[in-house]
Amino acid sequence: MTNPQWNAVDAYFTETIAPADEALTAALDASAAAGLPEIAVAPNQGKLLHLLALTQGARNILEIGTLGGYSTIWLARALPADGRLITLEYDPAHADVARANLAHAGLDKVVEVRTGPALDSLPRLEAEGAGPFDLVFIDADKVNNPRYVEWALKLSRPGTLIIVDNVVRGGRITTPAPDDPAITGTRELFELVAAEPRLDATAIQTVGSKGYDGLLLARVVR
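Throughout what follows, the structure given in this document is the object of discussion. Throughout, a residue's number is its position along its own chain's written sequence, starting from 1. Per-residue local features are limited, in this predicted model, to residues with pLDDT of at least 70; the limit for side-chain atom pairs, both in listing and counting, is 80 or more; totals at the level of whole chains, interfaces and linings are taken over all residues. Water and hydrogen atoms play no part in the side-chain values, which are based on all heavy atoms of the structure.

### As for the overall build of the protein
A run of H or I in DSSP becomes a helix once it reaches four residues, and a run of E becomes a strand once it reaches two; helices and strands are each numbered from the N terminus. For the protein, the helix and strand inventory stands at 8 helices and 7 strands. Computed over its C-alpha atoms, the radius of gyration of the protein comes to 17 Å, within 12% of the 17 Å expected for a compact globule of 222 residues. In the protein, buried positions account for 48% of the 222 residues. Any two residues whose heavy atoms approach within 4.5 Å at even a single point are treated as in contact. Within the protein, counting contacts between residues at least 6 apart in sequence, those at least 24 apart form 72% of the total. For every accessible area listed, the method is Shrake-Rupley and the probe measures 1.4 Å; residues are considered covered only by the protein chains on display. Accessible surface for the protein amounts to roughly 10300 Å². Of this, 55% is attributable to carbon and sulfur atoms. Atoms counted for the radius of gyration: C-alpha only. Globule rule: 2.2 Å times the number of residues to the power 0.38. The buried label goes to any residue with under 20% of its type's maximum accessible area, the exposed label to any with over 50%, and the partly exposed label to all in between, with areas taken from a 1.4 Å probe on protein chains only.

### Focus on the sheet that holds strand β7 (residues 211-220)
The 7 strands are arranged β3-β2-β1-β4-β5-β7-β6 in an open sheet whose pairing can be described as mixed. Only two strands of the sheet have a single partner each, and these edge strands are β3 (111-115) and β6 (199-208). The sheet shows a mean angle of 15° between the axes of neighbouring strands, taken without regard to direction. For two strands to count as paired, DSSP must find a minimum of two bridges between them. Taken together, the 4 bridges between strand β1 (residues 60-64) and strand β4 (residues 135-138) define a ladder with parallel strand orientation. Across the sheet, residue E63 finds its bridge partner in β4, namely F137. Helix axes are fitted only over the stretch in contact, all axes being lines through C-alpha atoms; the angle between N-to-C directions runs from 0 to 180 degrees. Packed on one face of the sheet, helix α1 (residues 4-17) meets β6 and β7 and runs near 110° to β6. Running over the sheet, helix α3 (residues 43-56) touches β1, β4, β5 (161-165), β6 and β7 and is turned about 170° from β5.

### Digging into the nonpolar core
Ranked by internal contacts, the top residues of the largest apolar core, which has 30 residues, are I61, L75, L135 and I163. Among the elements of the structure, α2 (22-33), α3, α4 (70-76), α5 (92-104), β3, β4, β5 and β7 are those that each provide at least two residues to this core. Among the elements that take part in this core, α4 stands out by supplying 5 residues, more than any other. Excluding residues within four positions of it along the chain, L135 makes contact with L52, A53, A58, N60, I61, L62, L75, T160, L161 and I163. Among buried residues, the Ala, Val, Leu, Ile, Met, Phe, Trp, Tyr and Cys ones that are joined through side-chain atoms within 4.5 Å form a nonpolar core. Among the nonpolar cores identified, the runner-up in size contains 29 residues, and L88, A118, L125 and L155 belong to it.

### Considerations on α1
Multiplying 1.5 Å by the helix residue count minus one yields the expected span of that helix. Between the first and last C-alpha of α1 there are 20 Å, a value that for 14 residues agrees with the 20 Å anticipated at 1.5 Å per step. The opening residue of α1 is N3, an N-cap whose side-chain oxygen sits 2.7 Å from the backbone nitrogen of Q5. Any pair of nitrogen or oxygen atoms within 3.5 Å is treated as a polar contact; in protein, a donor-acceptor pairing is required on top of that, and neighbouring residues in sequence qualify only through side-chain atoms on both sides.

### Topic: the packing of aromatic side chains
Classification of ring pairs uses Phe, Tyr and Trp, with its six-membered ring standing for Trp, and accepts pairs whose centres are within 6.5 Å; under 30 degrees between planes counts as stacked, over 60 as edge-to-face, and the remaining range as tilted. Taken as a whole and judged by the stated rule, the model has 1 aromatic pair. On the numbers, 6.4 Å between centres and 50° between planes, the contact of Y12 with F13 is tilted. Note on geometry: a ring has a charge over it if NZ (lysine) or CZ (arginine) is within 6 Å of the ring centre and within 35 degrees of the ring normal. The ring of W151 has K154 lying over it, and the distance from NZ or CZ to the ring centre is 4.1 Å.

### With respect to the pairing of strand β2 (residues 84-89)
Where burial is concerned, most of β2 is hidden: 5 out of the 6 residues are buried. Pairing of β1 with β2 involves 5 bridges; the strand directions are parallel. The residue of β2 that forms the bridge with I64 is L88. Seen with its strands pointing away from the viewer, a crossover is right-handed when the path leading from the first strand over the helix to the second is clockwise. Regarding topology, α4 serves as the crossover connection from β1 to the parallel β2, and that connection is right-handed. Each parallel crossover has a hand, and the one from β2 via α5 to β3 is right-handed.

Put into structure tokens, the structure is as follows:
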């Protein structure tokens, strides 16, 4: 679902308050040249992630779903000099593109890209004592979103912010008996968050150059 006016408004927002720079543009261009799907966050959404990380005072960020590293750049730029970001990417080819994009942006010493299924990488992070993370951004396969949030909780602290992308699914989230595993997983995500006493959450709908979708934001309260 797209709308020319949504695109025009997003373009206006981007031009006025979230302008691209050479590294961000290069990351998108390199991702497209490598044949990666064009599903990175929109520039104004990337700026939102950046501002949320700054507001959070994040020093330790976890991203689940790297793609070409576009959102990773926005998040990593919010870190202090001694901060770090670990991002998990299933596809080795995508991870290679992301590493090159992060190096081009001067962030390869700040960001570590780990390759493989996130549900394999997350237990390793716990075993390493990599947490607690101050902010977790989840933008990976939607079927496993409930499991990712469970792991985000294990790797968090009171005050951690968890952000989950693509939770509206073009409005299909309200389908009572969906036959799409992504919608089933997303509905399970909402049910898990609603029942979890350690989380205080909301969700917002968005429209724009990425169509009709939305974000879930949850704060770890204890």
